[in-house]
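Here's the letter readout for the chains.
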Amino acid sequence: MKKFLRIIAPLVVLAVGFGVVQAMIATKPAPEKKEETQRLVSLYVDPVREELVTLGVQTQGEVRPHTEIELYPQVSGRVVSVAPRFAVGAGFAAGETLVKIDDTDYRLALTRAEARVAEANVRLIQEQAAAQIKRQQWESTGRTGEPTPLQVHRPQVIEAEAKLRSAEADLAEAKLNLSRTEIKLPFAGRVRERAVGIGQFVTTGTPLGRVFATDLIEVRLPLTDSQLKELNLSIGYVAPAGEGLPVTLGAIVGNQQHQWHGRIVRTHAAVDRETRLIYAVAEVADPYGAAASAGVPLAVGMFVTAEIEGAAPRRALVMPREALRNADKVYVVNAEEKLEIRTVEVLSTSEERVLVSSGVEPGEQVVTSTIASAVDGMQVQAITRLAQG
């Protein structure tokens with residue numbers, strides 16, 4: 001009996017202790033549950049404004065000369081001089097002699113032609129005198145009626161007049177050939193290529209070089225059908241003299257941005273078969289002189305960007321550039337301060353702002369701050385930026 005009590009006593013103590021612990025746990029008051037509050041994302045917002053704006057179209061193109069020709073001599077001979085400014089890249093003045101061909105033979109031809117004119121002129125005077133004597137003799141006989149041409153020496157006079165005109169034509173040709181020994185151009189320009197040197201014998205088919213005029217340059221700008229509509233231009237458009245849509249051309253030269261100003265003067269009368277685009281032509285006057293940007297000319301061959309001003313103002317919705325997300329999306333905070341992801345139709349963008357035609361309404365708040373993961377309908381806290389003076 002004592003042995004049995006020694007065994008069972010510890011078990012009874014453990015059971016009683018476990019019961020007491022469970023009773024204490026059961027009677028302990030439950031802890032108060034705290035409601036978890038959602039932490040809102042704070043976002044900077046700016047209001048959408050409606051403005052009357054004149055939209056522009058951005059495109060690009062290559063600068064080309066308005067006038068470019070290849071030089072060929074019109075007479076044959078040996079080159080005796082080449083102007084220092086007839087060199088690749090150099091400029092020349094209108095009427096300046098670029099290449100001089102030996103004119104010895106052409107001066108001799110001119111002298112012979114002058115002699116023939118003098119001879120033909122004397123012959124004509126003689127025949128006219130003979131004709132006058134013949135008529136006086138006819139009239140002295142007292143005959144009535146009109147004499148025949150042969151009786152008054154008329155055919156001989158006509159022949160002498162024709163020979164004089166032929167001699168004068170030969171003289172004019174000799175003078176023209178002599179003038180053609182000096183290669184000149186009626187415009188100021190620049191040399192693109194040179195293919196002749198002193199001592200070289202040239203003929204009428206020998207290329208001397210290639211030059212272009214610097215009074216005017218052209219830039220051919222590709223436009224889509226929608227861009228053509230935005231500019232209110234038509235296929236085959238030709239601007240009146242002195243008019244045309246303003247265009248600003250830009251390029252980086254020497255690590256600096258430069259701009260030149262011109263006008264759209266015409267559009268092509270046909271659609272390009274390869275690109276299916278329509279080309280507008282911009283002109284800039286005096287690109288190497290008055291139109292140069294800080295001394296940098298709008299050089300032929302330069303690739304430039306172009307921004308063409310629109311023809312008429314239109315209403316657009318304006319917002320900061322930071323509001324535009326990828327794929328033409330914007331984040332709008334509605335009246336309940338919930339985020340809405342909208343798709344907008346972009347009209348134009350710049351570094352400071354974006355213009356859209358639909359997707360938002362004037363006065364709505366668009367998000368301009370960075371947001372890591374936007375979810376449509378998420379609760380946010382909108383913060384309006386302070387107005388900057």
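These numbers were taken from a predicted model, which means no experiment stands behind them.

Visitor: Can you tell me about the sheet that holds strand S14 (residues 256-267), naming the residues and giving the values?
Guide: The antiparallel closed barrel is built from 6 strands, whose spatial order is S3-S12-S15-S14-S13-S16. Across the sheet, the mean angle separating the axes of adjacent strands is 40° when strand polarity is ignored. Pairing of strand S12 (residues 216-223) with strand S15 (residues 278-285) involves 8 bridges; the strand directions are antiparallel. Bridge pairing links Leu221 to Ala280 in S15.

Visitor: How would you explain the layout of surface pockets if you had to name every residue and give the values?
Guide: As a volume, the largest pocket reaches approximately 530 Å³. The wall of the largest pocket is formed by 21 residues, among which Gly56, Val57, Glu307, Ser348 and Thr349 lie closest to the centre. Breaking the lining of the largest pocket down by element, the ones donating at least two residues are strand S3 (56-65), helix H4 (225-230), strand S16 (303-309), strand S20 (345-349) and strand S21 (353-358). It is S20 that provides the largest number of residues to the lining of the largest pocket, a total of 5 residues. Residue composition of the lining of the largest pocket, grouped by class: 7 nonpolar, 8 polar and 6 charged.

Visitor: Could you give an account of the packing of aromatic side chains, naming the residues involved and the relevant values?
Guide: Evaluated as defined, the whole model comprises 2 aromatic pairs. Relative to Tyr288, the ring of Phe212 lies with its centre 6.4 Å away and its plane at 40°, an arrangement referred to as tilted. Of the two residues, Phe212 sits in strand S11 (residues 209-213) while Tyr288 sits in the loop between S15 and S16, which places them 76 residues apart along the sequence. Among the residues examined, Phe212 registers a relative accessible area of 6% and is labelled buried.

Visitor: Report on the side chain of Thr214, specifying residues and quantitative values.
Guide: By the secondary structure assignment, Thr214 is in the loop between S11 and S12. When its relative accessible area of 12% is taken as the criterion, Thr214 is described as buried.

Visitor: Summarise the nonpolar core; cite the residues concerned and give the values.
Guide: Counting residues in each nonpolar core, the largest one holds 33 residues, and the members touching the most others are Leu71, Phe86 and Val211. Contributing elements (two or more residues each) for this core: strand S5 (77-82), strand S7 (99-101), helix H2 (104-140), helix H3 (154-179) and S11. Here Val211 is in contact with Thr67, Glu68, Ile69, Leu71, Phe86, Phe92, Leu185, Phe187, Arg190, Val191 and Arg192, once residues within four sequence places are set aside. Counting residues in hydrophobic clusters, the runner-up holds 30 residues, among them Leu221, Tyr237, Leu249 and Val284.

Reading guide: rules and limits
- Residues numbered from 1 in each chain as written.
- Predicted model: local features only at pLDDT ≥ 70, side-chain atom pairs only at ≥ 80, totals over all residues.
- Heavy atoms only, no water.
- Pairing = 2+ DSSP bridges.
- Helix = DSSP H or I, 4+ residues; strand = E, 2+ residues; numbered from the N terminus.
- Axes fitted to C-alpha atoms, helices over the stretch in contact; angles between N-to-C directions.
- 1 Å grid on protein atoms, 1.4 Å probe; cavity = no way out; pocket = protein on both sides within 12 Å on 5 of 7 lines; lining within 4 Å.
- Points joined across faces, edges and corners; volume = space filled by probe spheres on them.
- Nonpolar A, V, L, I, M, F, W, Y, C, P; charged D, E, K, R; others polar.
- Phe/Tyr/Trp six-rings, centres within 6.5 Å; stacked < 30°, edge-to-face > 60°.
- Buried < 20%, exposed > 50% of the residue type's maximum accessible area, 1.4 Å probe, protein only.
- Core = buried A, V, L, I, M, F, W, Y, C linked by side-chain atoms within 4.5 Å.
- Contact = heavy atoms within 4.5 Å.

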